[in-house]
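Here is what each chain is made of, one letter per residue.
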Amino acid sequence: MRAAIYSLIVDLSKTYKSCNIRGVYPPKLNLSEKQTNEELFNELKKMINFMKYPQYSYIMKNKEKY
């Protein structure tokens, strides 16, 4: 399960490349394999939130963990 979540995060990070059109910024994901399950889940949650609401990405751009 852990390997599947990690590969999903890597694939999503490759799919959503940085595009500075209209202030849309994809999140910076931690792609380290040495993360805990909770950290992997948080990285996946970042990408899902971006996919749901890309228009709000500028709000989270300067956050420490985003």
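Conventions adopted
- Residues numbered from 1 in each chain as written.
- Predicted model: local features only at pLDDT ≥ 70, side-chain atom pairs only at ≥ 80, totals over all residues.
- Heavy atoms only, no water.
- Helix = DSSP H or I, 4+ residues; strand = E, 2+ residues; numbered from the N terminus.
- Buried < 20%, exposed > 50% of the residue type's maximum accessible area, 1.4 Å probe, protein only.
- Contact = heavy atoms within 4.5 Å.
- Expected span 1.5 Å × (residues − 1).
- pLDDT = per-residue confidence, 0-100.
- Axes fitted to C-alpha atoms, helices over the stretch in contact; angles between N-to-C directions.
- Left-handed = near helix turned anticlockwise from the far one by under 90°.
- Nonpolar A, V, L, I, M, F, W, Y, C, P; charged D, E, K, R; others polar.
- Salt bridge = Lys/Arg side-chain N within 4 Å of Asp/Glu carboxyl O.
- Core = buried A, V, L, I, M, F, W, Y, C linked by side-chain atoms within 4.5 Å.

1. As for the overall build of the protein
(1) Moving on: Helix and strand counts for the protein stand at 3 helices and 0 strands.
(2) Moving on: Element order for the protein, N to C, with α for helix and β for strand: α-α-α.
(3) Moving on: Within the protein, buried positions represent 26% of all 66 residues.
(4) Moving on: Considering only contacts in the protein between residues 6 or more positions apart, those separated by 24 or more positions represent 59%.

2. Structural notes on helix H1 (residues 2-15)
(1) Moving on: In this model H1 runs 20 Å from its N-terminal to its C-terminal C-alpha over 14 residues, within 8% of the 20 Å that 1.5 Å per residue would give.
(2) Moving on: Buried positions along H1 lie against helix H2 (37-52).

3. Structural notes on the confidence of the model for the protein
(1) Moving on: On average, residues of the protein score 79 in pLDDT, and 74% of them are at 70 or above.
(2) Moving on: Taken element by element, the protein is modelled with least confidence in helix H3 (residues 57-60), mean pLDDT 65, and with most confidence in H2, mean pLDDT 88.

4. With respect to the packing of H1 against H2
(1) Moving on: Where H1 contacts H2, the axes come no closer than 10 Å and their chain directions differ by 35°. The chirality of how H1 crosses H2 is left-handed. Packed against H1, whose contacting residues are Arg2, Ile5, Tyr6, Leu8, Ile9, Leu12 and Ser13, the element H2 presents Asn37, Leu40, Glu43, Leu44, Met47 and Met51 at the interface.
(2) Moving on: Class assignment for the residues of the contact of H1 with H2 results in 9 nonpolar, 2 polar and 2 charged.

5. Things to note about the pattern of salt bridges
(1) Moving on: Inspection of the entire model under this criterion finds 1 salt bridge.
(2) Moving on: Lys46 is the partner of Glu43 in a salt bridge, and the nearest nitrogen-oxygen pair spans 3.3 Å. You can see Glu43 and its partner Lys46 sitting in helix H2, 3 residues apart, about one turn around the helix. Assigned by exposure class, Glu43 and Lys46 land together as buried.

6. Quick word on the nonpolar core
(1) Moving on: Core analysis: the largest hydrophobic core is formed by 8 residues, namely Ile9, Leu12, Val24, Leu29, Leu40, Leu44, Met47 and Phe50.
(2) Moving on: Elements supplying a minimum of two residues to this core: H1 and H2.
(3) Moving on: In terms of residue count, the dominant contributor to this core is H2 (4 residues).

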